[in-house]
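# Summary of the model geometry
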Amino acid sequence: MPKYTEEDLGRAKKLVADGFTVYKAAKDTGVPYETLRRHIFGINVTGSTGSGRPTVLTRTEEDKLVEILAYLARQAFPLDTSDICDLVQQFLNNLGRETQWKDNRPTRFWLSRFKARHAGVLASRKPEILTITRAKSLTEEVVGAFFSMYNGVLVDLGLEDKPDNIYNLDETGLSTDPRSTRVIVPSKSRDAYLKTASCGKATYSVLFCVNATGNYFPPFVVYKAKREPFDSWMRGGPPGTAYGTTPSGWMEGNIFESWFQTIFVPEITKKHDGQPTVLVYDGHGSHMTYRTAALAKDNNITVACLPPHTSHAIQPLDVAVFKPVKVAWAQILKRWQRESRLVAVDKSVFPTLISQLWKELDPVHAVAGFRGSGLFPVDAEKVRSRMVGPGSTSRDDIPSPDEALQDAVLSVLSPEQSSETKAALANKTKRRSRVQNKSGEVLTSESSLQRLELEAAKRAEKGKKSPSSQQDRKLSKKREEKGKKRSSSHKIEKPSAKRKVTKLTTRSK
């Protein structure tokens, strides 16, 4: 008889559904690993696995590989097709198994069939950049503390069921680069040129603001300019659009304060008639100024600042709005390039294009962003599902008891460091020395080293000329003490002078 019950099996399945690996869930519940794995992946224990040509990897081995790939994706270490081929190749080499593949490396055909066999579990996605700082910042403690504070604010203000009073704002850059998708060219063509009016390096900063019901504020456009904007830069945009300039082209505290005072506060006051409002945004320095905080307090606006480096998971605009915005913007750019016959998107053109973009905004995306970030309705579990693991690549953290597969995973994720990598890491931690050179002078690594050695020799020579004997050191110390006594004796006379001045001042009174 099995040593586990149906309740244990059900509990193990629930743990896997909540994000546990099959290996960890089996270990915690006492259900055999192979039994749980077969139930999770729907493997028929007694039935035939299907007719046809046998696969290079057994069904059990493929299922273990699928579990490993899913686990690595949850740790923010997803593998691409080349990595999968490396993993399988190393796994077969560790097993000592010979296959029809050259050097045991899988072919493209096998890879395509493998993905087709597991299409219900695996999918191909374009990865989003997640810095190590963001990955480490989104922890259970941070999420729990923020949502405890945020939910308490909504309860105190009576806004638990008033999404119209909950807002989120953030900036994003809209690039003029029209390259967004792949294009079709002759198979023998090595290049795929695309005619454009410019190189597409210009980026315009735009502030978005929306509430939990999907009502967008007019955009706030920030241009890069050292002087005042021209009138042509502000014609053709959506009604109510605000414009500003900064030397960097990004948001700065003074213009954010101006927008907050002249646009946001009056609109909120008009719409909500003094009712409490919650505004959620990140803690960027341009948003956190004294005047902004004072204006918010005076107008019954509560600012809920997101924890550092967590906007990718808790900010509604980042969660569900900016991605479809960039897709729509790419189509607008392409249409403009063709209709204008390759005219550059400068500041005089940008308002017209941003007006087209604002017509494409869908309230559904904003509502989905608030729901997906857990801000409305309040649900911290939405954010916990976006947490990634610590990124450990130790053997104990790999969810498979198969040592050959564990070794293959470690060889792919933590390969042995080459001599060049070791040298680069050592150079990164080595103490740096400033190399003196003239303005416009070009140095090589050899000449810079020679110059540092020459400077070190000069310092050593200068050190030899300084007093080195014990007697000379004593004499120099006595001179220093005498100098201190003289300086202190001069300082004693000053208070008396001050007292005389004080007396004279008193008499004059």
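Per an unreviewed UniProt entry, the protein is named Jerky-like, and its organism is Amphibalanus amphitrite.

Glancing now at the layout of surface pockets. For the second largest pocket, the calculated volume is near 430 Å³. Across the lining of the second largest pocket, the residue classes break down as 7 nonpolar, 5 polar and 5 charged.

Our focus in this paragraph is the nonpolar core. By size, the foremost hydrophobic cluster in this structure holds 50 residues, and its most contacted members are Tyr150, Phe208, Phe350 and Leu357. At 9 residues, helix H12 (residues 316–339) tops the list of elements feeding residues into this core. The residues touching Tyr150, leaving out its near neighbours within four places in the chain, are Ile166, Val278, Val280, Ala304, Leu375 and Val378. Among the nonpolar cores identified, the runner-up in size contains 37 residues, and Tyr4, Leu57, Cys85 and Trp110 belong to it.

Let us now look at the sheet that holds strand S3 (residues 220–224). Reading across the sheet, the 6 strands line up as S4-S3-S2-S1-S5-S6 and stay open at both edges, with mixed pairing between neighbours. This sheet does not close on itself; its edge strands, each paired only once, are strand S4 (242–246) and strand S6 (301–305). For this sheet, the mean inter-axis angle between neighbouring strands, taken without regard to orientation, is 25°. Packing against the sheet, helix H8 (residues 140–157) makes contact with strand S1 (166–175), strand S5 (277–281) and S6, and its axis sits at approximately 160° to S5. Relative to the sheet, helix H9 (residues 253–272) contacts S1, strand S2 (203–211), S3, S4, S5 and S6, its axis offset from that of S1 by approximately 140°.

Here the structure, examined in full by the defined rule, presents 12 salt bridges. Residue Arg117 is joined to Glu62 by a salt bridge in which the shortest nitrogen-to-oxygen separation is 2.6 Å. One end of the pair, Arg117, is in helix H6 (residues 108–117); the other, Glu62, is in helix H4 (residues 59–74), with 55 residues separating them in the sequence. Ionic pairing is found between Lys64 and Asp402, a salt bridge with its closest N-O pair at 3.8 Å. Of this pair, Lys64 sits in helix H4 while Asp402 sits in the loop between helix H15 (381–384) and helix H16 (403–413); the two residues are 338 residues apart in sequence, bridging distant segments of the chain. On the basis of relative accessible area, Lys64 is assigned to the buried category, the value being 13%. Each member of the salt-bridge network shares a partner with another, and the members are Glu140, Glu381 and Arg384.

Here we come to the packing of aromatic side chains. For any pair of aromatic rings, the description consists of the separation of the ring centres together with the inter-plane angle of the planes. Taken as a whole and assessed by the stated rule, the structure comprises 24 aromatic pairs. Consider the rings of Phe256 and Trp259, whose centres lie 5.9 Å apart with planes at 35°: the pair is tilted. Note that Phe256 and Trp259 are positioned in helix H9 at a spacing of 3 residues, about one turn of the helix. Like Phe256, the residue Trp259 is buried in the burial classification.

Where helix H2 (residues 22–29) meets helix H3 (residues 33–41), the axes come as close as 9 Å, and the angle between the chain directions of the two elements is 125°. Classified by the interaxial angle, the pair formed by H2 and H3 is oblique. Crossing angle aside, the handedness with which H2 passes H3 is right-handed. Of H3, the residues touching H2 (which contributes Val22, Tyr23, Ala25 and Ala26) are Tyr33, Leu36, Arg37, Ile40 and Phe41. Partitioned by chemical class, the residues of the contact of H2 with H3 number 8 nonpolar, no polar and 1 charged.

Reading guide: rules and limits
- Position labels on residues start from 1 in each chain and follow its written sequence.
- Side-chain atom pairs in this predicted model are given and counted only at pLDDT of 80 or more, local residue features only at pLDDT of at least 70, and totals for whole chains, interfaces and linings cover all residues.
- Think of the side-chain values as coming from all heavy atoms in the structure, minus any hydrogens and water.
- The method works on a 1 Å grid over the protein atoms by themselves. A cavity is a set of points holding a 1.4 Å probe that cannot get out, a pocket is an open set with protein on both sides within 12 Å along at least five of seven lines, and residues with an atom within 4 Å of a point line them.
- Grid points are joined across faces, edges and corners, and a volume is the space filled by probe spheres set on the points.
- Lys, Arg, Asp and Glu make up the charged group, whereas Ala, Val, Leu, Ile, Met, Phe, Trp, Tyr, Cys and Pro make up the nonpolar group; the residues left over, Gly among them, are polar.
- To define a nonpolar core, start from buried Ala, Val, Leu, Ile, Met, Phe, Trp, Tyr and Cys residues and group those joined through side-chain atoms within 4.5 Å.
- For every residue, the accessible area (1.4 Å probe, protein chains only) is compared with the maximum for its type, and the residue is labelled buried under 20%, exposed over 50%, or partly exposed between those bounds.
- Where helices and strands are cited, they refer to DSSP runs of H or I of at least four residues and of E of at least two residues respectively, numbered from the N terminus.
- Contacts were defined at the residue level, with two residues in contact if any of their heavy atoms lie within 4.5 Å.
- Any two strands with at least two DSSP-identified bridges between them are counted as paired.
- Here the axes come from fitting lines to C-alpha atoms, over the contacting stretch only for helices, and the angles between their N-to-C directions go from 0 to 180 degrees.
- Every case where a carboxyl oxygen of Asp or Glu lies within 4 Å of a side-chain nitrogen of Lys or Arg is listed as a salt bridge.
- Stacked, edge-to-face and tilted labels apply to pairs of Phe, Tyr and Trp rings (six-membered ring for Trp) whose centres lie within 6.5 Å, assigned for plane angles under 30 degrees, over 60, and everything in between, in that order.
- With respect to orientation, any angle under 35 degrees is reported as roughly parallel, any angle over 145 as roughly antiparallel, any angle of 65 to 115 as roughly perpendicular, and every other angle as oblique.
- Crossing handedness follows the turn of the near helix against the far one: under a right angle anticlockwise gives a left-handed crossing, and clockwise gives a right-handed one.

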